[in-house]
Amino acid sequence: MRITRALQLGIGALAIALAATGCGGGGSKGIAENTAAGKLTIGVKFDQPGLSLRDKDGSLSGFDIDVAKYIAGKLGVTEDKITFKEAPSAQRETLIQNGQVDFIVGTYSITDQRKQKVDFGGPYYIAGQSLLVRADNNEITGPDTIKGKKVCSVKGSTPAQNLEKNFPDVSLQTYDTYSLCVEALKAGSMDAMSTDDVILAGYAAQSPGQLKLAGKPFTTEKYGVGLKKGDTESRGKINDAIEAMFNDGAWKAALEKNFAGTGFQPPAPPQVERY
């Protein structure tokens, strides 16, 4: 009986261990092991024109995609060995913690709350929350004019949290994706959309004559590369890659390419934070 019981305990422990190591998917082995094998799984957005957009043929384009490819290259992984996985705002921490992605490049604002769960490389860009309205809307000119208005944003995003906390008189509606928010704005069911200015600029460029930015940015959002908490070695390498992109001109060139014709002026690159 004792032998049988021991066997049962051993099998049970083995099953638990296998379950723990088997969960997660593509990035579950960690950045170091995956780059050693010449591959990476990177979380990105699929619906942000100018930043990270999946085209009809399934290809991805945008500034965040260029940043992700550049970092991967510096880590020794070629573009054809990158698997891009959609990372909706509300799921980003879970995707990283479960090992479903190696890291995320997806307009991911660095906040103290998020740093309790994941680590960040960067920032690689500094944006600011702003407002997008229909082209014929002259009532909304900035955050001081949205009282009582219907404003949409995305679930789990920093802009949505900011609106909820600091603009209680706004009727906030959250959607799973930015594209759904844009469609609601175009249809007239929302008065404005709020997220970072660089995201809004991409949507305005995609719908010329239909949408416009209203007012100046009213927050500071540091975009970072999210990765598993405690992986200091990988964070250091990602920071090195970001600084190299700043210094060799590739960062500015990526911004100019992806926002050509929008009137968007690329800012100076930010200071990478090493902690």
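Computed from a predicted model, the values in this text were never measured in an experiment.

1. Concerning the packing of helix H3 (residues 63–74) against helix H9 (residues 232–247)
Contact geometry of H3 with H9 gives a least axis separation of 9 Å together with a crossing angle of 115 degrees. The handedness of the crossing between H3 and H9 comes out as right-handed. Here Asp66, Val67, Tyr70, Ile71 and Lys74 of H3 lie close against H9, whose contacting residues are Ile238, Ala241, Ile242, Ala244 and Met245. Among the residues forming the contact of H3 with H9, the class breakdown is 8 nonpolar, no polar and 2 charged.

2. Section: the confidence of the model for the protein chain
Mean pLDDT over the protein chain: 89, with 89% of residues reaching 70 or higher. Here residues 1–26 scores under 50 on pLDDT; set against residues more than four positions off or in separate chains, the count is 10 contacts.

3. Quick word on the environment of Asp80
Tracing the backbone shows Asp80 in the loop between H3 and strand S5 (82–86). Given the relative accessible area of 61%, Asp80 is considered exposed. C-alpha separation for the pair Asp80 and Leu40, spaced 40 residues apart in sequence, amounts to 10.0 Å. A distance of 2.5 Å separates polar atoms of two side chains, one belonging to Asp80 and the other to Thr78.

4. Quick word on the layout of surface pockets
Empty space among the atoms can be located by rolling a probe the size of a water molecule over them. There is about 200 Å³ of room inside the largest pocket. Taken together, Ser89, Ala90, Arg92, Glu93, Thr111, Asp112, Gln113, Arg114, Lys117, Gly156, Thr158 and Gln161 make up the full set of residues lining the largest pocket. Within the residue set of the lining of the largest pocket, elements represented by two or more residues are helix H4 (92–97), helix H5 (112–115) and helix H6 (158–166). Broken down by element, the residue count for the lining of the largest pocket peaks at 3 residues, all from H5. Partitioning the lining of the largest pocket into residue classes produces 1 nonpolar, 6 polar and 5 charged. For the second largest pocket, the calculated volume is near 150 Å³. What lines the second largest pocket is Thr158, Gln161, Asn162, Lys165, Asn166, Thr219 and Glu221. Grouping the constituent residues of the lining of the second largest pocket by class yields no nonpolar, 5 polar and 2 charged.

Each value, and the rule that gives it
Here the residue index of a chain counts from 1 through its sequence in written order. Reporting in this predicted model follows two pLDDT cut-offs: at least 70 for local features of residues, and 80 or more for side-chain atom pairs to be given and counted; totals over whole chains, interfaces and linings ignore these cut-offs and use all residues. Neither water nor hydrogens contribute to the side-chain values; these are computed over all heavy atoms in the structure. Where helices are involved, their axes are fitted lines through C-alpha atoms of the stretch in contact, as for all axes, and angles between N-to-C directions lie from 0 to 180°. Labels follow the DSSP assignment, with helices taken as runs of H or I lasting at least four residues and strands as runs of E lasting at least two, numbered in each case from the N terminus. Crossing chirality is assigned from the near helix's rotation relative to the far helix, an anticlockwise turn below a right angle marking it left-handed and a clockwise turn marking it right-handed. When checking whether two residues touch, look at their non-hydrogen atoms; a contact exists if any pair is within 4.5 Å. Charged means Asp, Glu, Lys or Arg here, nonpolar means Ala, Val, Leu, Ile, Met, Phe, Trp, Tyr, Cys or Pro, and polar covers whatever is left, Gly included. The predictor rates its confidence in each residue with pLDDT, a number between 0 and 100. With a 1.4 Å probe rolled over the protein chains alone, any residue whose accessible area is under 20% of its type maximum counts as buried; one over 50% counts as exposed, and the rest are partly exposed. Under the rule applied, a polar contact is a pair of N or O atoms within 3.5 Å (in protein, one hydrogen donor and one hydrogen acceptor; residues adjacent in sequence only if both atoms are side-chain atoms). Buried and open spaces are told apart on a 1 Å grid over the protein atoms alone, a cavity being a set of points where a 1.4 Å probe fits but cannot get out and a pocket being an open set with protein on both sides within 12 Å along at least five of seven lines. Residues with an atom within 4 Å of a point are the lining residues. Grid points are joined across faces, edges and corners, and a volume is the space filled by probe spheres set on the points.

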